[in-house]
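# Structural characterization, general
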Amino acid sequence: MIRERILVIGASGQIGVELTLALRKIYGNNNVVASDLREENELLKGTGPYVSIDVMNKEMLHVQVIRQNITQIYLLAAILSATGEKNPNLAWHLNMQGLLNVLDIAREEKIYKVYWPSSIAVFGPTSPKQNCPQQTIIEPTTVYGISKYAGEFWCNYYHQRYQVDVRSLRYPGLISYKSAPGGGTTDYAVEIYHEALEEKKYTCFLREDTYLPMMYMPDAIRATIELMEAPTADISIRTSYNVSAMSFSPKEISAAIKNYIPEFTISYEPDYRQSIADSWPQSIDDSVAGKDWGWKPEFDLNKMTKDMLENLRHP
Ligand code: VAH
């Protein structure tokens, strides 16, 4: 049994913090090396090794992969949809070159497995709005979506041509309480819980009827680990799997919050992120993930709202 040594790149981000903690529970604290350009997230301190890595510095990354005897790489560093529209060139460069650096090192060092997240942001206005299938018309209209869709084909290429075992999920909007998100269009669904508790009111940057596919972080972490632990023979998708859990609108999430905070009020001031949200599907068909590796979500809007408010009230 080889000793797995895992490198998490972007470990101080919204997904990275929780994925690092989950992987440390499975593989042992010292076998999961957390890394980021930013300083170590408070929740990671004292739970295992942390190194500063710039995924754009391929030589330095390569040295760390060798020096740390890495066998698996999780690449989470990316610029998300809203920030990406403000910095298109930076978003394209980081999201693309970061992935290519990791894939090339994985090929050269025969890394056992690689994980790289895509997003439902790959879909565009010409994709089906309801139950958007795994394979369909996909014409992204954000730099983030373009970079994620191009990245999916690079993952497929490195698997087909070099047998790199790289796996990927098209995450919906992710909601969590442990670590703040950054620069996403779906981040209103995180902010609203904090504001509901602190201010009893929230001004939403999307229209009240904007339905988007969403998932609670515990489900996203479990989906990631279940995908990575699935037998290779079961993986039929080498671009990226659709996964989903629920879809809701700002109106619906505020009604769910009102069940716990009756005095909560919401107002709406749509901004540039409205057009990004409008370009995405409202719901996702993830039946291929269910068939291939048994994907099944556990959290719906009410169960998530209860858990979010409890954990934000008593951190
Ligand atoms: C974003 N949270 O809003 C990300 C996600 C589906 C959206 O990829 O950009």
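Please read these numbers as outputs of a predicted model, since none were measured by experiment. Numbering of residues begins from 1 in every chain and follows the order in which that chain's sequence is written. At least 70 in pLDDT is required for a residue's local features to be given in this predicted model, at least 80 for side-chain atom pairs to be given and counted, and no such filter applies to totals for whole chains, interfaces and linings, which use all residues. Excluded from the side-chain calculation are hydrogens and water; included are all heavy atoms of the structure.

Here we come to the packing of aromatic side chains. Between rings of Phe, Tyr and Trp, where Trp is taken as its six-membered ring, a pair exists when centres lie within 6.5 Å; planes separated by under 30 degrees are stacked, by over 60 edge-to-face, and by other angles tilted. Applying the stated criterion to the full structure yields 12 aromatic pairs. Members of the aromatic cluster, each reached through a chain of ring pairs, are Trp154, Tyr157, Tyr158 and Tyr162. A cation sits over an aromatic face here: Arg107 above Tyr162, 5.1 Å from the ring centre. Above the face of the Phe205 ring, Arg273 is positioned so that its terminal group lies 3.5 Å from the ring centre. Note on criteria: charge over ring means Lys NZ or Arg CZ within 6 Å of the ring centre, with the direction from the centre no more than 35 degrees off the ring normal.

Before going further, it helps to examine the site of the ligand. Only heavy atoms are used to decide nearness, and a residue is near a molecule or strand if one of them lies within 4 Å of it. Taken together, Leu80, Ser81, Ser119, Ile120, Tyr144, Pro172, Gly173, Gly184, Thr185, Thr186 and Trp280 make up the full set of residues adjacent to the ligand. Within the contact set of the ligand, a nitrogen atom lies 3.0 Å away from a side-chain nitrogen or oxygen of Thr186. Exposure was quantified through the Shrake-Rupley algorithm and a 1.4 Å probe, taking into account, for residues, occlusion by the shown protein chains and nothing else. In the complex, the protein chains occlude 95% of the 280 Å² of accessible area that the ligand would expose alone. Its residues assigned to classes, the shell around the ligand shows 5 nonpolar, 6 polar and no charged. A 3.5 Å cut-off defines polar contacts: any pair of N or O atoms within that distance qualifies, except that in protein one atom must be a possible hydrogen donor and the other a possible acceptor, and neighbouring residues in sequence count only when both atoms are side-chain atoms. Just so you know the grouping, Ala, Val, Leu, Ile, Met, Phe, Trp, Tyr, Cys and Pro go in nonpolar, Asp, Glu, Lys and Arg go in charged, and all remaining residues, Gly too, go in polar.

What UniProt calls "domain: NAD-dependent epimerase/dehydratase" (unreviewed entry) maps, in this numbering, to residues 6-236. Numbering of helices and strands runs from the N terminus, with a helix taken as a DSSP run of H or I at least four residues long and a strand as a DSSP run of E at least two residues long. Secondary structure over residues 6-236 splits into 41% helix and 16% strand, and the C-alpha atoms at its two ends are 24 Å apart. UniProt positions are given in the numbering used here, feature names are shortened, and annotations may be inferred rather than shown by experiment.

Positionally, Arg238 belongs in the loop between α7 (217-229) and β12 (241-242). Among the polar contacts made by the side chain of Arg238, one reaches the main-chain carbonyl oxygen of Val166 at a distance of 3.1 Å. Excluding residues within four positions of it along the chain, Arg238 makes contact with Glu152, Cys155, Asn156, His159, Gln160, Asp165, Val166, Arg167 and Thr232. Two residues form a contact once any of their heavy atoms are found within 4.5 Å.

We now examine the pattern of salt bridges. Note on definitions: salt bridges are taken to be side-chain nitrogens of Lys or Arg within 4 Å of carboxyl oxygens of Asp or Glu. Enumeration according to the criterion identifies 15 salt bridges in this entry. In this structure, Arg207 engages Asp209 in a salt bridge whose closest nitrogen and oxygen atoms are separated by 3.2 Å. With a relative accessible area of 36%, Arg207 lands in the partly exposed category. Here Arg222 ties to Glu298 by a salt bridge, and the two come within 3.5 Å at their closest N and O atoms. In this pair, Arg222 sits in helix α7 while Glu298 sits in the loop between α10 (287-293) and α11 (301-313), placing the two residues 76 residues apart along the sequence. Taking relative accessible area as the criterion, Glu298 reaches 46% and is therefore assigned partly exposed. Residues joined by salt bridges that share partners form a network here, namely Asp219, Arg222, Glu226 and Glu298. Relative accessibility under 20% of the residue-type maximum defines a buried residue, over 50% an exposed one, and the middle range a partly exposed one, all with a 1.4 Å probe and only protein chains included.

When the sulfur atoms of two cysteines come within 2.5 Å, that pair is taken as a disulfide. Enumeration over the complete set of coordinates arrives at 0 disulfides. Cysteine Cys155 is unpaired, with the sulfur of Cys132 as its nearest cysteine sulfur at 19 Å. Residue Cys155 is classed as buried on the basis of its relative accessible area, which comes to 0%.

As used here, the term nonpolar core means buried Ala, Val, Leu, Ile, Met, Phe, Trp, Tyr and Cys residues forming a set that is joined through side-chain atoms within 4.5 Å. Within the largest apolar cluster, 40 residues are counted, with the highest numbers of intra-cluster contacts made by Ile175, Tyr188, Tyr193, Phe248, Ile253 and Met304. For this core, the secondary structure elements donating two or more residues are α5 (143-162), α6 (188-198), β10 (201-204), β11 (212-216), β13 (246-248), α8 (250-258), α9 (273-278) and α11. The element that contributes the greatest number of residues to this core is α6, accounting for 7 residues. Leave out the neighbours within four places in its chain, and Met304 touches Ile175, Tyr193, Tyr216, Met246, Phe248 and Phe299.

Once that is clear, we can look at the packing of helix α4 (residues 88-108) against α5. Fitted lines through C-alpha atoms give the axes, limited to the stretch in contact for helices. The angle between two N-to-C directions lies from 0 to 180 degrees. The interhelical angle for the contact between α4 and α5, taken along N-to-C directions, is 15 degrees, at an axis separation of 9 Å. On the basis of the axis angle, α4 is roughly parallel to α5. The crossing of α4 and α5 is right-handed. Contacts between α4 and α5 involve Pro88, Ala91, Trp92, Asn95, Met96, Leu99, Leu100, Leu103, Asp104 and Arg107 from the first element and Val143, Tyr144, Ile146, Ser147, Ala150, Gly151, Trp154, Cys155, Tyr158 and Tyr162 from the second. A class-by-class count of the residues in the contact of α4 with α5 yields 15 nonpolar, 3 polar and 2 charged. Every angle not falling under 35 degrees, over 145, or within 65 to 115 is termed oblique; those three ranges are roughly parallel, roughly antiparallel and roughly perpendicular. By definition, turning the near helix anticlockwise from the far helix through less than a right angle yields a left-handed crossing, and turning it clockwise yields a right-handed one.

One can describe the packing of α6 onto α11 by two numbers: an axis separation of 10 Å at closest approach and a directional angle of 55 degrees. One way to sum up the angle between α6 and α11 is to call them oblique. When the axes of α6 and α11 are compared, the crossing they make is right-handed. Across the interface between the two elements, Tyr193, His194 and Leu197 of α6 pack against Leu301, Met304, Thr305, Met308, Leu309, Leu312 and Arg313 of α11.

Right, let's get into unusual backbone geometry. Positive phi, normally seen in glycine, also occurs at Gln163, with a value near 60 degrees. Secondary-structure assignment places Gln163 in the loop between α5 and β7 (166-167). When its relative accessible area of 57% is taken as the criterion, Gln163 is described as exposed. Not every positive phi belongs to a glycine, and Lys200 is a case in point at roughly 65 degrees. Counting through the fold element by element, Lys200 comes out in the loop between α6 and β10.

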